[in-house]
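Below, each chain spelled out in residue letters.
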Amino acid sequence: MKWLDLPPVWLAAFLVLAWLQATYGAGGLGFGAVWADLAGGLLVGGGVLLIVLAAVEMRRARTTIIPHLEADRLVTTGIFARSRNPIYLGDSMILLGLILCWDAVLALPLVPVFMWIIQRRFILPEEDRLMRKFRAQFTRYAQETRRWL
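Residues numbered from 1 in each chain as written. Predicted model: local features only at pLDDT ≥ 70, side-chain atom pairs only at ≥ 80, totals over all residues. Heavy atoms only, no water.

### Overview of the packing of aromatic side chains
- Here the structure, examined in full by the defined rule, presents five aromatic pairs.
- Where Phe14 meets Phe114, the ring centres are 5.4 Å apart and the plane angle is 65°; that geometry is what we call edge-to-face. In this pair, Phe14 sits in helix 1 (residues 7-24) while Phe114 sits in helix 4 (residues 110-144), placing the two residues 100 residues apart along the sequence. (Phe/Tyr/Trp six-rings, centres within 6.5 Å; stacked < 30°, edge-to-face > 60°. Helix = DSSP H or I, 4+ residues; strand = E, 2+ residues; numbered from the N terminus.)

See below:
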């Protein structure tokens, strides 16, 4: 069951909720403009790009991308110099982008809820493990680089 507690599974669940809201509970609401499709597409594309850049950087550093495993190295280069959590940021961008594309107005509150769950379930425990393993190096990194943006 531990494989169910992974960020992509949480993202998929929130995407299903957003899609269900757009499909069955729109209530006549919509963003109504082409800008929503454009912004949504840009957010989805940007989110995928962030995830790919982060995965490449972690692969280059030869450390795990699996959240529940202990990292072999602290990755602070590439996209990680801009955000401590570019993969989770990318997931959030994908969720928001698809909500915009699907005209799921009532699903907008899912984005901060998703980010809160990700922070509690994954980010805080990961940062705790990194702090214990890399101490001063992680402290310096956390002071210089924001958690999300």
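### Some words on the side chain of Thr64
- Mapping Thr64 onto the fold places it in the loop between helix 2 (34-60) and helix 3 (86-101).
- In terms of polar contacts, Thr64 uses its side chain to reach the backbone amide nitrogen of Ile66, at 3.0 Å.
- Once residues within four sequence positions are removed from consideration, Thr64 is found in contact with Met58, Leu69, Glu70 and Ala71. (Polar contact = N/O pair within 3.5 Å; in protein donor to acceptor, adjacent residues only side chain to side chain. Contact = heavy atoms within 4.5 Å.)

### A short note on the pattern of salt bridges
- Under the criterion given, the structure shown has six salt bridges.
- With a shortest N-O distance of 2.1 Å, Arg121 and Asp5 are connected by a salt bridge. In this pair, Arg121 is assigned in helix 4 and Asp5 in the segment before helix 1, connecting sequence segments 116 residues apart.
- The exposure class of Asp5 is buried, given its relative accessible area of 15%.
- Put simply, Asp128 and Arg132 hold a salt bridge, and the shortest N to O gap is 3.1 Å. (Salt bridge = Lys/Arg side-chain N within 4 Å of Asp/Glu carboxyl O. Buried < 20%, exposed > 50% of the residue type's maximum accessible area, 1.4 Å probe, protein only.)

### Side note on unusual backbone geometry
- The phi dihedral of Arg62 is positive, around 55°, even though this residue is not glycine.
- Tracing the backbone shows Arg62 in the loop between helix 2 and helix 3.
- The class for Arg62 is exposed, based on a relative accessible area of 65%.
- One non-glycine residue, Arg135, adopts positive backbone phi at about 30°.
- Relative to the elements of secondary structure, Arg135 occurs in helix 4.

### Notes on the layout of surface pockets
- In this structure, the largest pocket occupies an estimated 590 Å³ of space.
- Among the secondary structure elements, those contributing two or more residues to the lining of the largest pocket are helix 1, helix 2, helix 3 and helix 4.
- Among the elements that make up the lining of the largest pocket, the one with the highest residue count is helix 4 (six residues).
- Of the residues in the lining of the largest pocket, the class split is 20 nonpolar, three polar and seven charged. (1 Å grid on protein atoms, 1.4 Å probe; cavity = no way out; pocket = protein on both sides within 12 Å on 5 of 7 lines; lining within 4 Å. Points joined across faces, edges and corners; volume = space filled by probe spheres on them. Nonpolar A, V, L, I, M, F, W, Y, C, P; charged D, E, K, R; others polar.)

### Examining the nonpolar core
- Core analysis: the biggest nonpolar cluster contains 35 residues, and Phe80, Leu95, Ile99 and Ile118 have the highest contact counts within it.
- Only helix 1, helix 2, helix 3 and helix 4 provide two or more residues apiece to this core.
- Of all the elements, helix 4 adds the most residues to this core, at eleven residues.
- Residues in contact with Leu95, not counting those within four places in the same chain, are Leu11, Phe14, Leu15, Leu110, Val111 and Phe114. (Core = buried A, V, L, I, M, F, W, Y, C linked by side-chain atoms within 4.5 Å.)

Shape is all these values report; function is a separate question.
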